[in-house]
Amino acid sequence: VQLQASGGGLEQAGGFLKLSCAASGRTFSTYNMGWFRQAPGKEREFVAVISWNNGRTYYADSVKGRFTISRDNGKNTVYLQLNSLKPEDTAVYYCARGFRQYGSIWLGMTGSDFGSWGQGTQVTVSS
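Throughout what follows, the structure given in this document is the object of discussion. In this numbering scheme, every chain counts its residues from 1 along its sequence in written order. Owing to the predicted nature of the model, reporting of local features is limited to residues with pLDDT of at least 70; listing and counting of side-chain atom pairs is limited to 80 or more, with chain, interface and lining totals taken over all residues. Hydrogen atoms and water are omitted, and side-chain values are computed over all heavy atoms in the structure.

### Remarks on the nonpolar core
Take the buried Ala, Val, Leu, Ile, Met, Phe, Trp, Tyr and Cys residues and link them wherever side-chain atoms come within 4.5 Å; each set so joined is a nonpolar core. For every residue, the accessible area obtained with a 1.4 Å probe (protein chains only) is divided by the maximum for its type, and the residue is called buried under 20%, exposed over 50%, and partly exposed between those limits. Formed by 34 residues in total, the largest nonpolar core has its most connected members in Trp35, Leu80 and Tyr93. Think of it this way: any DSSP run of H or I at least four residues long counts as a helix, any run of E at least two long counts as a strand, and we number them from the N terminus. Residue assignment for this core shows that the elements contributing at least two residues are β1 (3-6), β3 (17-23), β4 (33-38), β5 (45-50), β7 (67-72), β8 (77-82), β9 (91-98) and β11 (121-126). The greatest single-element share of this core, amounting to five residues, is contributed by β5.

And the structure:
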(Lines give C-alpha, C1' and ligand atoms only; values in the text may rest on other atoms or scores of the structure.)
Protein backbone atom coordinates (compact mmCIF):
# COMPACT_ATOMS: atom_id res chain seq x y z
CA VAL A 1 0.00 0.00 0.00
CA GLN A 2 1.06 3.57 -0.60
CA LEU A 3 -0.05 6.35 1.73
CA GLN A 4 0.21 9.93 0.54
CA ALA A 5 -0.25 12.60 3.19
CA SER A 6 -0.93 16.22 2.33
CA GLY A 7 -2.39 19.41 3.73
CA GLY A 8 0.34 20.55 6.07
CA GLY A 9 1.61 24.09 6.17
CA LEU A 10 2.33 27.15 8.25
CA GLU A 11 -0.47 28.43 10.41
CA GLN A 12 -0.83 30.84 13.30
CA ALA A 13 -1.78 29.74 16.77
CA GLY A 14 -5.53 29.39 17.01
CA GLY A 15 -5.83 28.57 13.35
CA PHE A 16 -6.79 25.33 11.64
CA LEU A 17 -5.58 22.91 9.01
CA LYS A 18 -6.97 19.76 7.47
CA LEU A 19 -4.64 16.92 6.65
CA SER A 20 -5.49 14.22 4.15
CA CYS A 21 -3.98 10.82 3.54
CA ALA A 22 -4.86 8.97 0.37
CA ALA A 23 -4.26 5.24 0.23
CA SER A 24 -3.74 3.03 -2.76
CA GLY A 25 -5.36 -0.36 -3.20
CA ARG A 26 -8.80 -1.84 -2.72
CA THR A 27 -8.74 -2.85 0.92
CA PHE A 28 -8.68 0.56 2.59
CA SER A 29 -12.08 0.05 4.20
CA THR A 30 -10.89 -3.03 6.10
CA TYR A 31 -8.01 -1.38 7.95
CA ASN A 32 -7.85 0.88 10.96
CA MET A 33 -6.13 4.16 10.15
CA GLY A 34 -4.12 6.40 12.40
CA TRP A 35 -2.20 9.64 12.62
CA PHE A 36 1.08 10.15 14.43
CA ARG A 37 3.41 13.10 14.72
CA GLN A 38 7.05 13.72 15.43
CA ALA A 39 8.44 17.03 16.58
CA PRO A 40 12.14 17.90 16.22
CA GLY A 41 14.20 16.13 18.84
CA LYS A 42 11.23 14.16 20.12
CA GLU A 43 9.94 10.67 19.67
CA ARG A 44 7.04 9.89 17.40
CA GLU A 45 3.74 10.07 19.26
CA PHE A 46 0.25 8.82 18.68
CA VAL A 47 -2.35 11.42 17.71
CA ALA A 48 -5.54 9.62 16.70
CA VAL A 49 -6.97 6.41 15.30
CA ILE A 50 -10.22 5.49 13.59
CA SER A 51 -11.60 1.98 13.30
CA TRP A 52 -12.22 0.29 9.99
CA ASN A 53 -15.84 -0.60 10.66
CA ASN A 54 -17.82 1.54 13.07
CA GLY A 55 -16.07 4.88 13.10
CA ARG A 56 -14.85 4.53 16.67
CA THR A 57 -12.04 6.92 17.44
CA TYR A 58 -9.40 7.50 20.07
CA TYR A 59 -7.26 10.57 20.60
CA ALA A 60 -4.18 11.55 22.50
CA ASP A 61 -5.03 13.72 25.49
CA SER A 62 -2.98 16.55 24.02
CA VAL A 63 -5.29 16.89 20.99
CA LYS A 64 -8.62 15.73 22.35
CA GLY A 65 -11.33 18.27 21.66
CA ARG A 66 -9.21 20.07 19.07
CA PHE A 67 -8.45 17.45 16.44
CA THR A 68 -10.90 15.20 14.61
CA ILE A 69 -10.05 12.08 12.63
CA SER A 70 -12.43 10.88 9.93
CA ARG A 71 -12.40 8.68 6.88
CA ASP A 72 -14.07 8.38 3.51
CA ASN A 73 -13.85 4.79 2.37
CA GLY A 74 -15.21 5.70 -1.04
CA LYS A 75 -12.20 7.93 -1.57
CA ASN A 76 -9.66 5.73 0.23
CA THR A 77 -8.80 8.73 2.36
CA VAL A 78 -8.39 9.45 6.04
CA TYR A 79 -8.47 13.00 7.34
CA LEU A 80 -7.25 14.86 10.38
CA GLN A 81 -8.90 18.19 11.12
CA LEU A 82 -6.66 20.32 13.31
CA ASN A 83 -8.41 23.18 15.12
CA SER A 84 -7.25 25.64 17.76
CA LEU A 85 -3.67 24.99 16.78
CA LYS A 86 -0.91 25.54 19.30
CA PRO A 87 2.82 26.02 18.72
CA GLU A 88 3.39 22.66 20.40
CA ASP A 89 1.44 21.01 17.57
CA THR A 90 4.38 21.75 15.29
CA ALA A 91 5.59 18.44 13.92
CA VAL A 92 5.72 16.18 10.91
CA TYR A 93 2.41 14.35 10.78
CA TYR A 94 2.29 10.78 9.49
CA CYS A 95 -0.66 8.66 8.54
CA ALA A 96 -0.49 4.94 9.11
CA ARG A 97 -2.45 1.81 8.34
CA GLY A 98 -3.17 -0.85 10.90
CA PHE A 99 -1.15 -4.03 10.85
CA ARG A 100 -3.95 -6.30 9.75
CA GLN A 101 -7.40 -6.25 8.29
CA TYR A 102 -10.43 -6.16 10.55
CA GLY A 103 -8.30 -5.33 13.56
CA SER A 104 -9.37 -3.73 16.83
CA ILE A 105 -8.39 -0.33 18.12
CA TRP A 106 -7.70 0.74 21.68
CA LEU A 107 -6.50 3.70 23.64
CA GLY A 108 -2.76 3.52 23.94
CA MET A 109 -1.96 2.26 20.46
CA THR A 110 1.62 2.83 19.39
CA GLY A 111 3.51 2.86 16.17
CA SER A 112 4.19 -0.86 16.43
CA ASP A 113 0.46 -1.46 15.96
CA PHE A 114 0.62 -0.04 12.45
CA GLY A 115 2.25 -1.67 9.49
CA SER A 116 2.37 0.91 6.71
CA TRP A 117 3.32 4.57 6.86
CA GLY A 118 3.02 7.62 4.68
CA GLN A 119 5.83 10.05 4.01
CA GLY A 120 4.66 12.76 6.41
CA THR A 121 3.47 16.32 6.03
CA GLN A 122 4.93 19.25 7.96
CA VAL A 123 2.70 21.32 10.23
CA THR A 124 4.22 24.48 11.67
CA VAL A 125 2.31 26.66 14.11
CA SER A 126 3.62 30.10 14.90
CA SER A 127 2.85 31.90 18.13
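Now that the structure has been shown, the text picks up again.
### Overview of the pattern of salt bridges
Each salt bridge in this description consists of a side-chain nitrogen of Lys or Arg and a carboxyl oxygen of Asp or Glu lying within 4 Å of one another. Tallied over the entire structure, the rule returns four salt bridges. One salt bridge connects Arg37 with Glu45, and the closest N-O pair in it is separated by 2.5 Å. Its relative accessible area of 4% is what places Arg37 among the buried residues. For Glu45, a relative accessible area of 35% corresponds to the partly exposed category. Here the salt bridges share partners, and the residues they tie into one network are Arg37, Glu45, Arg66 and Asp89.

### Regarding the sheet that holds β1
Taken together, four strands build an open sheet; the order of strands is β1-β3-β8-β7 and the sheet is antiparallel. The outermost strands of the open sheet, each flanked by one partner alone, are β1 and β7. Shown here is a sheet whose adjacent strand axes are inclined to one another by a mean of 15°, direction ignored. Two strands pair if DSSP finds at least two bridges between them. By the bridge criterion, six bridges tie β3 to β8 in an arrangement that is antiparallel. Bridge assignment links Cys21 to a residue of β8, and that residue is Val78. Where helices are involved, their axes are fitted lines through C-alpha atoms of the stretch in contact, as for all axes, and angles between N-to-C directions lie from 0 to 180°.

### Considerations on the packing of aromatic side chains
Each pair of aromatic rings taken from Phe, Tyr and Trp, with Trp reduced to its six-membered ring, is defined by centres within 6.5 Å and is described as stacked if the planes are under 30 degrees apart, edge-to-face if over 60, and tilted in the remaining cases. Per the counting criterion, the structure on display carries five aromatic pairs. Taken together, a centroid distance of 5.7 Å and an interplanar angle of 80° make the contact between Phe36 and Phe46 edge-to-face. In this pair, Phe36 sits in strand β4 while Phe46 sits in strand β5, placing the two residues ten residues apart along the sequence. The residues Phe36 and Phe46 share a single accessibility class, namely buried. Every member of this aromatic cluster is reached through a ring pair, and the members are Phe36, Phe46, Phe114 and Trp117. Either the NZ atom of lysine or the CZ atom of arginine qualifies as a charge over a ring when it sits within 6 Å of the ring centre and within 35 degrees of the ring normal. Above the plane of the ring of Phe36 lies Arg44, whose end atom (NZ or CZ) is 5.8 Å from the centre.

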